[in-house]
There are 2 protein chains.
Amino acid sequence: MVTLNNISIILVKPQMGENIGAAARIMHNFGLSELRLVSPRDGWPNEKATSMASGAGEIITAAKIFDTFEEATADLTMLYATTARERDMNKPAVTPREMSNELDATMKIGIVFGPERSGLENFEVTHCNKILYIPVNPEYKSLNIAQAVAVICYEISQSPAFKIAERPDAQLEKATKADYNSLYDYLENALDESHFFQVPEKKPKMMDNIRNIFARLDLSDQEMRTLRGVLKAIKG
Amino acid sequence: MVTLNNISIILVKPQMGENIGAAARIMHNFGLSELRLVSPRDGWPNEKATSMASGAGEIITAAKIFDTFEEATADLTMLYATTARERDMNKPAVTPREMSNELDATMKIGIVFGPERSGLENFEVTHCNKILYIPVNPEYKSLNIAQAVAVICYEISQSPAFKIAERPDAQLEKATKADYNSLYDYLENALDESHFFQVPEKKPKMMDNIRNIFARLDLSDQEMRTLRGVLKAIKG
């Protein structure tokens, strides 16, 4: 029987403890358990989070805390960036329903939520495979984060992936986000060496564009090795 | 164009103003506007409700207050009683998805939520046409009311009867297959030059793998240029 353990809810720089607690509570309602926090504003542990989590205290206790987004996602293979704002990025956007329908119980999945006030930064979005777009009233798009988490956890619980027996098909080992990060590092170094970034101020934006290209590849382990080999060979 | 005006969210004896406000906020997110309250515990108006409603203040201002459940529902034609507890009643039970699929834009619909602590009483449930059952973790059924309202409003917004939001598909110029072919040619030449294909018989299979990686990128025109630039720079 497939469980929901391979789906993490990742809150990036969450501001209010109450929202962290409410996220944990709804996760428990819908059978999820893995909560990851990237540098929560008010430190950790957080009493308000514990109190708001109600019966889901175990998820709060077991929450994993990270300093950076890259560390928080290093072992995952598929990242969804939840966002209500339009992004000027060529990255596939799916609705919660579509995400739910495409979930694959063999992937290690992270659903990423940004800080309450501002949402995710482009930096984090570029690291993600897909944009997860909750279709809301165009006249009022500002979703409470705990309610956004509610909608997503609900849709995950409805996924066909977690209702049917695991398929015995051969499963491809997927590249992890750590592999991608090391690929980005390699590219950045190689491009620095070859003076690709002629205007230093434009480098972050260029690296965003480059990550955006590779982040949506959903590479197998083998393909990641091929890609690294190709780049190395070209560099000579 | 059908609107969501003929669906009311009805909170029976809500206890916390914060939850009323959060319910209003998510209603507005998903395009609903009619909020009805049956004898809210802390009276009305309620400052905490207004503050928590954030940009949905109009829904709070326009909320209709009733003394009894019967008055609050008198003009409606279809009532759903949300409940997590099992009820010993011979009454059809539907999931949020089923409710969403059966909504009829010509009905006057009420979705009824009970007080935070105890949920709906049998009295109110008996008044309803159907039980609306949110399938949750059997080990933790206690849903926060604002999150339960979130799930229901989300499902309503997904109903084939009311399509409120269109997706914001970015209209990007995409790279053509000719661009990809020229990319593959470039890679093949570069890899030949650097003696990447040590075993000549394996070259076609390797090129297959490489095409496989890049073919699924769905690159924009701009990204294709970036990628070409990156490869050129690395090659030096």
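As a reminder, the structure under discussion sits directly above these lines.
This one's a predicted model, so the numbers in the text were calculated from it and none came from an experiment.

Points about the overall build of chain A
Consideration 1: Helix and strand counts for chain A stand at ten helices and seven strands.
Consideration 2: For 236 residues, the compact-globule estimate of 2.2 N^0.38 gives 18 Å, and chain A sits close to it at 18 Å.
Consideration 3: Across its three principal axes, chain A shows a C-alpha extent of roughly 60 × 45 × 35 Å.
Consideration 4: Taking all 236 residues of chain A together, 58% fall into the buried category.
Consideration 5: For chain A, long-range pairs separated by at least 24 residues make up 85% of all intrachain contacts whose partners lie at least 6 apart in sequence.
Consideration 6: In the form shown here, chain A has an accessible surface area of approximately 10,000 Å², with 50% of it arising from carbon and sulfur atoms.
Consideration 7: Here chain A contributes 27 positive and 32 negative side-chain charges, whose respective centroids are spaced 2 Å apart.

Digging into the sheet that holds strand 2 (residues 34-38) of chain B
Residues and elements named next belong to chain B.
Consideration 1: Taken in spatial order, the seven strands line up as 3-2-1-6-4-7-5 in an open sheet, and their pairing is parallel. Edge strands, defined here as strands with exactly one partner in the open sheet, are strand 3 (64-66) and strand 5 (93-94).
Consideration 2: Examined bridge by bridge, strand 1 (residues 7-12) and strand 2 share five bridges and lie parallel to one another. Within strand 2, the position partnered with I9 by the bridge is L35.

Observations concerning the side chain of N19(B)
Consideration 1: Tracing the backbone through its elements, the reader meets N19(B) in helix 1 (residues 17-29).
Consideration 2: Using a relative accessible area of 13% as the deciding quantity, one classes N19(B) as buried.

A look at helix 8 (residues 177-193) of chain B
Consideration 1: Relative to the 24 Å expected for 17 residues at 1.5 Å per residue, helix 8 of chain B spans 24 Å between its end C-alpha atoms, a close match to the ideal helical length.
Consideration 2: Among all positions of helix 8 of chain B, only Y180(B), L183(B), Y184(B), Y186(B), L187(B), A190(B) and L191(B) are buried. Across the axial projection of helix 8 of chain B, the buried residues extend over an arc of 160°, all falling on one side. Facing away from the buried surface of helix 8 of chain B by more than 90 degrees, the exposed residues are A178(B) and E193(B).
Consideration 3: Elements in contact with the buried residues of helix 8 of chain B: helix 10 (221-235) of chain A together with helix 9 (203-215) and helix 10 (221-235) of chain B.

Some remarks on the packing of helix 7 (residues 145-157) of chain A against helix 7 (residues 145-157) of chain B
Consideration 1: Where helix 7 of chain A meets helix 7 of chain B, the closest approach of the two axes is 9 Å, and the angle between their N-to-C directions is 60°. Considering their axes alone, helix 7 of chain A and helix 7 of chain B lie oblique with respect to each other. Classified by chirality, the crossing of helix 7 of chain B by helix 7 of chain A is right-handed. Contacts between helix 7 of chain A and helix 7 of chain B pair A146(A), Q147(A), A150(A), V151(A), Y154(A) and E155(A) from the former with A146(B), Q147(B), A150(B), V151(B), Y154(B) and E155(B) from the latter.
Consideration 2: Class assignment for the residues of the contact of helix 7 of chain A with helix 7 of chain B results in eight nonpolar, two polar and two charged.

Thresholds applied
Counting starts from 1 at the beginning of each chain's written sequence and moves along it residue by residue. For this description, chains carry letters from A and ligands carry numbers from 1, given in the order in which they are written. Residue-level local features of this predicted model are given only where pLDDT is at least 70; pairs of side-chain atoms are given and counted only at 80 or more, and the full residue set underlies all totals for whole chains, interfaces and linings. In computing side-chain properties, one takes all heavy atoms of the structure into account and sets aside hydrogens as well as water. In DSSP terms, a helix is any run of H or I states spanning at least four residues, a strand is any run of E spanning at least two, and both are numbered starting from the N terminus. Atoms considered for the radius of gyration are the C-alpha atoms alone. The globule rule reads 2.2 Å times the number of residues to the power 0.38. A 1.4 Å probe rolled over the protein chains alone gives each residue an accessible area, and that area as a share of the maximum for its type sets the label: buried under 20%, exposed over 50%, partly exposed in between. Note on contacts: a residue pair qualifies if any of its non-hydrogen atoms lie within 4.5 Å across the two residues. Only the protein chains shown count as cover for residues, and the accessible areas themselves come from Shrake-Rupley with a 1.4 Å probe. The charge count includes Lys and Arg as positive and Asp and Glu as negative, but it does not include His or the ends of the chains. We put the charge of a Lys on NZ, of an Arg on CZ, of an Asp on CG and of a Glu on CD. Here a strand pair is declared whenever DSSP counts at least two bridges between the two strands. Expected helix span is taken as 1.5 Å per residue step, with the number of steps being one fewer than the number of residues. It is the directions from the helix axis to the C-beta atoms whose arc is reported. Interaxial angle, 0 to 180 degrees, is taken between N-to-C directions of lines fitted to C-alpha atoms, where a helix line uses only the stretch in contact. Any angle that falls under 35 degrees is termed roughly parallel, while one over 145 is termed roughly antiparallel, one within 65 to 115 roughly perpendicular, and all others oblique. By definition, any crossing whose near helix is turned counterclockwise from its far helix by less than a right angle is left-handed, and any crossing with a clockwise turn is right-handed. Each residue gets one label: Ala, Val, Leu, Ile, Met, Phe, Trp, Tyr, Cys and Pro are nonpolar, Asp, Glu, Lys and Arg are charged, and the others, such as Gly, are polar.

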